[in-house]
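Breakdown of the fold
Now for the letters of each chain:
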Amino acid sequence: MNKIIFIFFWVVLLKANKANAQKEYDVVRNNWIEFSDAPNAMYHYFAQQAYALLNKRGAAIKDIRSLQGWQNRQQHIRKSLADLAGSFPRKTILNAKTVRTINKRGYRIEHIVYESQPGFFVTSSLYIPNGQPKKKMPAIIYCSGHASEGYRSAVYQHVILNLVKKGFIVFAFDPVGQGERLEYFNAAAGKSTVGGPVDEHSYAGAQAIIAGGSQAWYMIWDGIRAVDYLLGRKEVDEQRIGITGRSGGGTQSAYIAAFDERIKAAAPECYITNFTRIFQSIGPQDAEQNLGDAVFHGIDHADLLLVRAPRPTLMITTTRDMFSIEGARETAKEVSGIYRAYNKNDNFNMVEDDALHASTQKNREAMYAFFQKHLNNPGNANDEKTDTLTTQELQVTETGQVAISLKSETVFSLNRKHGDQLEQQLKGSRNSHNLHLVNAVQSARKLSGYEPPRQMNEPVFTGRFQRDGYTIEKYFLQGEGNYIMPYLLLKPDKPGHKALLYLHPSGKQTDAGEGGDMEWFVKKGFTVLAPDLIGVGEMGPGVFEGDSYIKGVSYNVWFASMLVGRSIVGVRAGDVARLARLLQQKENAQEIYALAKKEMTPVLLHAAAFDSAIRNIALIEPYTSYRAIVMNRFYNPAFIHSTVPGALTAYDLPDLAASLAPRKLLIAHATDGAGNESEPEETAEDFAIIKTAYQHKNVGGQLRIIPGKPTGNYADLYWEWIK
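Residues numbered from 1 in each chain as written. Predicted model: local features only at pLDDT ≥ 70, side-chain atom pairs only at ≥ 80, totals over all residues. Heavy atoms only, no water.

1. Let's talk about a negative patch on the surface
Taken together, the side chains of Glu 677, Glu 679, Glu 681 and Glu 682 present a region of like negative charge at the surface. Mapped onto the secondary structure, Glu 679 falls in the loop between strand 21 (664–668) and helix 22 (680–696). A residue is classified by how much of its surface remains accessible, and Glu 679, at 41% relative accessible area, is partly exposed. (Patch = residues over 30% accessible without salt bridge, like charges linked within 9 Å, V, L, I, M, F, W, Y side chains within 5 Å. Areas by Shrake-Rupley, 256 points an atom, 1.4 Å probe, with all protein chains shown as cover. Salt bridge = Lys/Arg side-chain N within 4 Å of Asp/Glu carboxyl O. Lys, Arg positive; Asp, Glu negative; His and termini not counted. Charge placed at Lys NZ, Arg CZ, Asp CG, Glu CD. Helix = DSSP H or I, 4+ residues; strand = E, 2+ residues; numbered from the N terminus. Buried < 20%, exposed > 50% of the residue type's maximum accessible area, 1.4 Å probe, protein only.)

2. As for the nonpolar core
Of all hydrophobic cores here, the largest spans 178 residues; its most connected members are Phe 521, Tyr 626 and Leu 665. For this core, the leading source of residues is helix 18 (residues 568–586), giving ten residues. Non-local contacts of Tyr 626, meaning those with residues more than four positions away in its chain, are made with Ile 210, Val 569, Pro 602, His 606, Ser 642, Thr 643, Val 644, Ala 647, Leu 648, Tyr 651, Asp 652 and Leu 653. Of all hydrophobic cores here, the second largest spans 33 residues; its members include Tyr 142, Leu 163, Val 164 and Val 396. (Core = buried A, V, L, I, M, F, W, Y, C linked by side-chain atoms within 4.5 Å. Contact = heavy atoms within 4.5 Å.)

3. Some thoughts on the sheet that holds strand 1 (residues 97–104)
Spatial ordering of the open sheet is given by 1-2-3-5-4-8-9-10-11, a layout of nine strands whose pairing is mixed. Both edges of this open sheet fall to strand 1 and strand 11 (348–353), since each of them pairs with a single strand only. Across this sheet, the average inter-strand angle for adjacent strands is 20°, counted without regard to direction. The pairing of strand 1 with strand 2 (residues 107–117) spans seven bridges and is antiparallel. (Pairing = 2+ DSSP bridges. Axes fitted to C-alpha atoms, helices over the stretch in contact; angles between N-to-C directions.)

4. Some points on the side chain of Asp 686
Counting through the fold element by element, Asp 686 comes out in helix 22. In this structure the side chain of Asp 686 is engaged in a polar contact, spanning 3.1 Å, whose partner is the side chain of Ser 625. With sequence-adjacent residues up to four places away left out, Asp 686 is seen in contact with Thr 624, Ser 625, Arg 627 and Pro 654. (Polar contact = N/O pair within 3.5 Å; in protein donor to acceptor, adjacent residues only side chain to side chain.)

Written as structure tokens, this is what we have:
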């Protein structure tokens, strides 16, 4: 018993010592009430930028006084949406095949597979009321929310079958990543290897965004091709096509209807609100719901409806939805203005019910009545009991997954082909060596949303403690926005004129212990500054995780930065440049070195490419390129915050490294996009870009690339670097 008690108290003591050791590196935590919310600074900073942009948009809307003004707005929206989405592919043969037909009382179901792009298979079902009508029938496209089973969800089936009972043809299709279109399907486990629908969307969607595309692009195109299919059916009246869907289906129906003018009536459910309320409440959602830098271009939810006017539109909402009801009401008020200007007040309405994020009888009946009126199919709008269909009856493909039955393309595989095209374009550009590097750096500035430091505030000193041969001082400095950067300043007793910026993805304290890497540099005469950049250490990651929280990484924060035309990398790079100036001005540093580890290396690459004050750069365990993430089916989610949306359309990380010549550059133990040791043939191309630049300037000796796995002791590497 005494031994157990001793072990217990020993464990408690170790934990206490560890906590105290951690606390000694804290700059503001627990002592500065003003900065008690510091870990949430990154989210708040992007939200503040969103509010400013959205207020500017709101002011422009309020100035519209005439129908011509609204029509000008519609032209602006159409152009902006086209720019944000990018060019859709040319329409190819759908190769639609009816796999089988299920006959039920009063209707039949045709299970269909079509190709929205060659080899990209869409599973779908066409519900057709029985009988041979004398006239063509109205048709409604049904978009599924984030249900793993897609439109087979009992809630969605109830709506679909009610519409069929009321004489509508209904065409329901599986969104990518759901139903029979799982893109990361593990046959042995019978489920996705990356998670649920939102993770399937965001994991592949992030790769598409880095390559200048979006998850929304693929899903919108699937819907546009669904319209194409309907128009080829003899039973369908092409003038009476509607679309609806709830939650993620509300997103899809809103986007598809905004892009496809052939849809006469649209009724998105439990989605439409506005970006101001989204940023204030749940935050930006999964990749499907974020179309490029929409907020930066002045696009809000209302614009998805404004662009459709005066065609009939119904907003279906609930008062306790996670999508803010206040935002929905504000959007409805704004959209009603354009319908009044067109003198088509009856073509727009909003219905709401007191419920959570759910389908309610009141809302369903309002939706039935809306389509009955505007698709000229009058009848009973009451919600009725429906059949319960079995899993087997609703299965489209033989195995239940297109990945197995049809070896379907995926968003990843299609985006990888796009990535190959972008890489070929970059290779062509690199043939004009000097011009390419100049353009690459300029593009990186723009795409990353980098803002150079324009004003330097005084740092605030919060404490000091002594070590053998040096002191550690604690400060914080205001960053680019109204947030702070806590940092440690390790100063040798006999400082020289060399300083080192030390960036670690886990924060300033990670290598600050006695015997650690930072101490090694201090004992070589360096003044070392180790910051907690926004989102790291005392400055993060914050409480916001979002619906796409994959392996401990909030993709949603990254989406937030994208929406306002910024990137986490760009903001951090600006702050690194700010800290470099601080070392020059306050610590009399005449030569600035900078070292970054793992996923903090892209931040340093951007900062050094933009700011020549950083003269010597070391990248320890970096991943080699953004291309390595886009081309790797299973990449490391930890890398996402260090990527730049759209980067591969103009540059890659090796281009930034190449631009550093003739500065001294060390690259040690690089990894691939999954964070694994790189194979020489995989990294050769990326490294060749850098080597060429250094050879071009006859400074090959300034570049050192060390392959292989890290040994854990970097002293020899560091010594070679600083000599």
